[in-house]
Amino acid sequence: MIMKDNALPFTSLLIDGETRPSQDDKVFEVRNPYSGNVVGQAAAAFSEDCREAIETANKAYQQWEHSTLQQRRDIFLQAADLLASDRYSQKIATCMREETAAIDGLHYFNHHVAVASLRDAAGMISDLKGEICPSHFPGGQMISQRRAMGVILAIAPWNVPILLSIRAVAIPILCGNAVILKCSEISPRTQSIVAELFLEAGLPKGVLNFISMDRNDAPALTREIIANPLVRKINFTGSDVVGRILAAEAAKFLKPCVFELGGKSPVVVLNDADLDKAARAIVSSGIYHSGQVCISTERVLIQSEASKTLVPLIVAHMKDFIAGDCAENPDRLSTLFSGASAERLIGYIDEAKKEGADLLVGDALKDGNSVVQPHVLTGCKPGMKIWDRESFGPVLVIGVADTVDELITLANTSDYSLAAGVWSGSLSTALSVANRIRSGFTNINGPTLHVEGNTHAGLGGASGYGHFDVESFTDMRRIVIHPEGPAQYPLVG
């Protein structure tokens, strides 16, 4: 058992508005993915901690469900104002840099978009409405209401830790639910800021509880939480591998889920596209955060004539970037989040080369613990892991075809359906192509690393299903008011 080191930053559990260690004082270490150095410790939740968090959330839900919509809106607006402050900005930047080796540009995106997300969520309060209509019984009325579900388990990832943690909890809380936020073991200190933020903004104790888990304990403890009858729904953002496990556990109890999982975003580039602009957008979306974003561009599908110009442009841009220690060299790309991730990615590249792919950029090597340089491959096809599986690294796979129909077929030959892009000089042609690509969000003449609104999600398969919206985190309940006066009932008259 690892002993607590008071010289290191410590991330506590937050249950019923109080920060505390786990029941058995167990902790786990958090390491910087580039240096491998221990940068903090976090409380490793015990089974009893999880039960207490659930019971606390359920108790808080009984009151929060009946809070006024104005109270909820005001708390969210206050949270947005707090998050926009320099105090929170600096805290987030420090934690992200130490825990995830993130570049400063990612902190800016993570922080400022999260502020906007909170304000957008506050505006969604108007969606919490119902209707009254005449009943089938003459003189009766039927009332339809959107009501909170209860306790929600929210599991958020490390790669955009503030924004995705806020998305995991914001709409459920706005709808009147209580939430247990389970963080990633990679970024507990960063994600705990979200719980701290809501508490400071005035959210009642117990409505949002925060738990961190040791990687080895997480599977069993998560199963326990899902099995608890007080937990009504699960939302998860992360890999499709873990999503399938969670879906199977939830299915045992017929519990609904909202999943945003992996991506393998295709970009279709036609002969008449602005190729210089397309090249810059493709490379930007392919290597931002070293490709560790679910909507990163991964597959570039180019019409034959355009490929003669576009491929050299992409290669030239990719060669301009170096991954490594972005703390000392801010212009560098970030490291991958773990050595295992780097080894998996290099394995995909090596396998593709053996199956006939050509390497235009990159060395197919892992540097140090978890650094992978930008790579570009051609000659890849469905059936190769580099094509079929999410890379989650700075890798672009290029495919070339003569016709638009062939490009669309290649774009749709995937189990992922999260985001896509189309480039063409003709808007009508681009719209026609976009309408044929099976994707939850398609950008025309723009980067795949762009979505709008809180409802973005995949269309099933390895990209998940459901939406982060009011409808997904409320039940539609109906009340029928029967008319007064004489009535006839079957059998008894």
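Source: prediction; values computed, not measured.

Enquirer: So what's going on with the sheet that holds strand E4 (residues 27-31)? Which residues, and what values?
Expert: With mixed pairing, the three strands of this open sheet are ordered in space as E1-E5-E4. The sheet is open, and its two edges are formed by strand E1 (10-11) and E4, each paired on a single side. Where E4 lies against strand E5 (residues 38-43), five bridges are found, and the strand directions are antiparallel. Looking at the pairing, Phe28 lines up with Ala42 of E5.

Enquirer: Let's hear about the domain arrangement of the chain: which residues, and what values?
Expert: A common way to report how large an interface is uses the accessible area buried once the components associate. By domain assignment, the chain separates into domain 1 (10-261 + 463-478) and domain 2 (265-444). Look at where the C-alpha atoms of domain 1 and domain 2 centre, and you get two points 31 Å apart. In this complex, domain 1 contributes 17 residues to the contact, which on the side of domain 2 involves 23 residues. Both sides together, the interface formed by domain 1 and domain 2 hides about 1800 Å², and carbon and sulfur atoms give 60% of it. Run the count over domain 1 and domain 2 and you get two salt bridges. The partner of Arg389 in a salt bridge is Asp240, and the shortest N-O contact between them spans 3.0 Å. Remark: the boundary between domain 1 and domain 2 carries 10 residue pairs in polar contact (both at pLDDT 80 or more). Only helix H4 (104-123) and helix H8 (240-251) provide two or more residues apiece to the side of domain 1 that touches domain 2.

Enquirer: Residues and numbers for the layout of surface pockets, please.
Expert: For the largest pocket, the calculated volume is near 1100 Å³. Every residue lining the largest pocket is counted, 41 residues in all, and those nearest its centre are Phe236, Gly238, Ser239, Val242 and Phe337. Of all the secondary-structure elements, those providing two or more residues to the lining of the largest pocket are helix H7 (218-227), strand E11 (231-237), H8 and helix H11 (339-354). Considering each element in turn, the lining of the largest pocket owes the most residues, six residues, to H8. The residue inventory of the lining of the largest pocket, partitioned by class, reads 22 nonpolar, nine polar and 10 charged. Here the lining of the largest pocket spans two domains, since at least three of its residues come from each of domain 1 (10-261 + 463-478) and domain 2 (265-444).

Criteria and cut-off values
Residues numbered from 1 in each chain as written. Predicted model: local features only at pLDDT ≥ 70, side-chain atom pairs only at ≥ 80, totals over all residues. Heavy atoms only, no water. Pairing = 2+ DSSP bridges. Helix = DSSP H or I, 4+ residues; strand = E, 2+ residues; numbered from the N terminus. Domains from an automatic or database assignment. Contact = heavy atoms within 4.5 Å. Buried area = accessible area lost by both parts, 1.4 Å probe. Salt bridge = Lys/Arg side-chain N within 4 Å of Asp/Glu carboxyl O. Polar contact = N/O pair within 3.5 Å; in protein donor to acceptor, adjacent residues only side chain to side chain. 1 Å grid on protein atoms, 1.4 Å probe; cavity = no way out; pocket = protein on both sides within 12 Å on 5 of 7 lines; lining within 4 Å. Points joined across faces, edges and corners; volume = space filled by probe spheres on them. Nonpolar A, V, L, I, M, F, W, Y, C, P; charged D, E, K, R; others polar.

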